[in-house]
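Chains, contacts and geometry: an overview
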Amino acid sequence: MILDLIPESARIAGLGALMKGAGKVTRYIPIPQPTLLVGPGASRRLGEALAGFGHRKLLIVTDGIIAKLGLLKGLTDALEAGGAAYVVFDEITPDAPIPLIERGLGMCREHECDAIVAVGGGSSMDSAKAIALAMTNARPLRSLAGYLKGRHAPMTLYAVPTTAGTGSEVTVAAVMHDPSQHDKVVIVDPRMVPRMAALDPELMTGLPPPVTAATGIDALTHAVEAYIGHWATPGSDSMA
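Since the model is a prediction, treat every value here as computed from it, not as a measurement.

As for helix α5 (residues 98–110)
When the terminal C-alpha atoms of α5 are compared, their 18 Å separation across 13 residues agrees well with the 18 Å that a helix rising 1.5 Å per residue should span. When we look at burial in α5, the residues that qualify are Ile 98, Leu 100, Ile 101, Gly 104, Leu 105, Met 107 and Cys 108. Contacts made by the buried residues of α5 are with β2 (58–61), β3 (86–89), β4 (115–120), α6 (122–136), β7 (173–178) and β8 (183–188).

Points about the environment of Tyr 86
Note that Tyr 86 resides in strand β3. According to the relative accessible area criterion, Tyr 86 is partly exposed, its value standing at 25%. Separated by 10 residues in sequence, Tyr 86 and Thr 76 have C-alpha atoms that sit 8.2 Å apart. Contacts of Tyr 86, omitting those with residues within four sequence positions, involve Lys 57, Leu 58, Ile 60, Thr 76, Leu 79 and Glu 80. At 2.5 Å, the side chain of Tyr 86 forms a polar contact with the side chain of Glu 80.

Some thoughts on the state of the cysteines
What the rule picks out here adds up to 0 disulfides. Counting only cysteine sulfurs, Cys 113 is the nearest neighbor of Cys 108, a cysteine outside any disulfide, at a range of 4.5 Å. By relative accessible area, Cys 113 is classed as buried at 3%.

A short note on a nonpolar patch on the surface
A cluster of nonpolar residues, Ile 217, Leu 220, Val 224, Tyr 227 and Ile 228, forms a patch on the protein surface that exposes about 550 Å² of accessible area. Considering the arrangement of structural elements, one finds Val 224 in helix α8 (residues 209–228). Owing to a relative accessible area of 42%, Val 224 belongs among the partly exposed residues under this scheme.

Procedures and definitions
Residues numbered from 1 in each chain as written. Predicted model: local features only at pLDDT ≥ 70, side-chain atom pairs only at ≥ 80, totals over all residues. Heavy atoms only, no water. Helix = DSSP H or I, 4+ residues; strand = E, 2+ residues; numbered from the N terminus. Expected span 1.5 Å × (residues − 1). Buried < 20%, exposed > 50% of the residue type's maximum accessible area, 1.4 Å probe, protein only. Contact = heavy atoms within 4.5 Å. Polar contact = N/O pair within 3.5 Å; in protein donor to acceptor, adjacent residues only side chain to side chain. Disulfide = S-S within 2.5 Å. Patch = residues over 30% accessible without salt bridge, like charges linked within 9 Å, V, L, I, M, F, W, Y side chains within 5 Å. Areas by Shrake-Rupley, 256 points an atom, 1.4 Å probe, with all protein chains shown as cover. Salt bridge = Lys/Arg side-chain N within 4 Å of Asp/Glu carboxyl O.

Here it is as structure tokens:
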């Protein structure tokens, strides 16, 4: 394939150009902000809130490590106590490929879920965003890549980040790996920002130390980039 002849540096540059374009587009589009639940036990409080929202069934999108470490327990215990139905898709991998995300999409349809909860790092949240948008737009996932390709707003989405580095719970983009093109693709749509997010520091203490360290450095990098970037604003400077 022709793409196999393109140097990796050129592919990365292409992804960077796409994200730069996303920044220029979204600065003129109102970007919603999620309602944040912050502090120890925030994931449990989110579960309590969701149990009262009357959803038919929730799809929890996460990875196998998060599930095995028991980091879903606060959320799922609260959902069960409130009588809320849910199903768990825990197959997400780093840089999740489109076929894997499509399996999660199939599970969401099979169980007739009407809302999604992403629990984990950037890959889990980005995959959940893609599933949420695909659920309301009868189009292949690959065709949703780009700017505002979904005609309809995505399914209601909630997020529980378990790492410090990604910030995907407040961003307008979702990155997927397209194995057929040996490349990453980006979906950009402000409507994919989760409605609520739980920032629970207790979840980070349960992660393997290398993950905590790497994502901590990632968070620092984001802060530095935001501070020195040409698109900085007084608001972004204060947060950085």
